Amino acid sequence: MKKIETVLDHMLSHPTYAKLRQQSCFGLVKKALPATLQRGILFMYVKNRTLFFALKHPAFKMEFDYKLSLIKKLLSSLPPLQEACKVHEIEHVKAFVSKFSAAPEPKDSTEPRYRERAHSDFAIHAENEHLKSAFYAIRENVAKNRES
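A few points on the structure. Model, not experiment: these values are computed from the prediction.

### Describing the overall build of the chain
A tally of regular secondary structure across the chain gives 7 helices and 3 strands. Reading the chain from its N end, one meets helices and strands in the order α-α-α-β-β-α-α-α-β-α. Across the 148 residues in the chain, those meeting the buried criterion constitute 21%. Excluding contacts between residues fewer than 6 apart, the proportion of contacts in the chain whose partners are at least 24 apart in sequence is 55%. Element-wise, carbon and sulfur atoms account for 57% of the exposed surface of the chain, whose accessible area totals about 11700 Å².

### Some thoughts on the sheet that holds strand β3 (residues 92-97)
Taken in spatial order, the 3 strands make up an open sheet running β1-β2-β3, and their pairing is mixed. In this open sheet, the two edge strands, each paired with only one partner strand, are β1 (41-47) and β3. The sheet shows a mean angle of 20° between the axes of neighbouring strands, taken without regard to direction. Relative to β3, strand β2 (residues 50-55) is paired through 6 bridges, and the arrangement is parallel. Following the sheet pairing, F53 is matched in β3 by A95. Packed onto the sheet, helix α4 (residues 58-66) meets β2 and β3 and runs at close to 160° relative to β3. Against the sheet, helix α5 (residues 68-77) engages β2 and β3, with an angle of about 135° to β3.

### Concerning the nonpolar core
Note that soluble globular proteins tend to have their nonpolar side chains buried in a common cluster. Ranked by size, the top nonpolar core spans 17 residues in total, and within it V29, L33, M44, L51, F53, F64 and I71 carry the most contacts. When contributions to this core are tallied by element, the ones reaching two or more residues are α2 (18-32), β1, β2, α5 and β3. Setting aside chain neighbours within four positions, we find L51 in contact with F26, V29, M44, Y45, V46, L75, I90, H92, V93 and K94.

### So, the packing of aromatic side chains
The final tally for this structure, using the stated rule, is 4 aromatic pairs. Taking the centre distance of 4.7 Å and the plane angle of 55° together, the rings of F53 and F64 count as tilted. Within this pair, whereas F53 is found in strand β2, its partner F64 is found in helix α4, the two being separated by 11 residues in sequence. Per residue, the accessibility class of F53 equals that of F64, and both read buried.

Thresholds, definitions, all that
- Residues numbered from 1 in each chain as written.
- Predicted model: local features only at pLDDT ≥ 70, side-chain atom pairs only at ≥ 80, totals over all residues.
- Heavy atoms only, no water.
- Helix = DSSP H or I, 4+ residues; strand = E, 2+ residues; numbered from the N terminus.
- Buried < 20%, exposed > 50% of the residue type's maximum accessible area, 1.4 Å probe, protein only.
- Contact = heavy atoms within 4.5 Å.
- Areas by Shrake-Rupley, 256 points an atom, 1.4 Å probe, with all protein chains shown as cover.
- Pairing = 2+ DSSP bridges.
- Axes fitted to C-alpha atoms, helices over the stretch in contact; angles between N-to-C directions.
- Core = buried A, V, L, I, M, F, W, Y, C linked by side-chain atoms within 4.5 Å.
- Phe/Tyr/Trp six-rings, centres within 6.5 Å; stacked < 30°, edge-to-face > 60°.

Encoded structure:
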């Protein structure tokens, strides 16, 4: 097991895998944060030894600013974070509200889901052809709804 870990460490130290190292660092940072802050993060990046958090909403920014000392303490005290993020040499932490938003979640269909209670064996006594065709269409719809 140790041999596999050393091979992975050696492989990740290669410059080709810099983004992978960065993402593992960001994943550990995000997991170390409280759940309320985790939900508000859109993405993270490092620039000029500063870790930037792009947040979804101004309310998350307020909470983030309130807990900024906690975040800095996590980065400096947790050994897994120190090990994973040592390449970036993070000195500062900043947050901003992103103008980009996450992809909207697909809405559930608002079509009611119930079993059809009507029967399609009703008599049609209309004399107007337009009304008769409308009643026949209703009869077909009721029959289809009862089947499904």
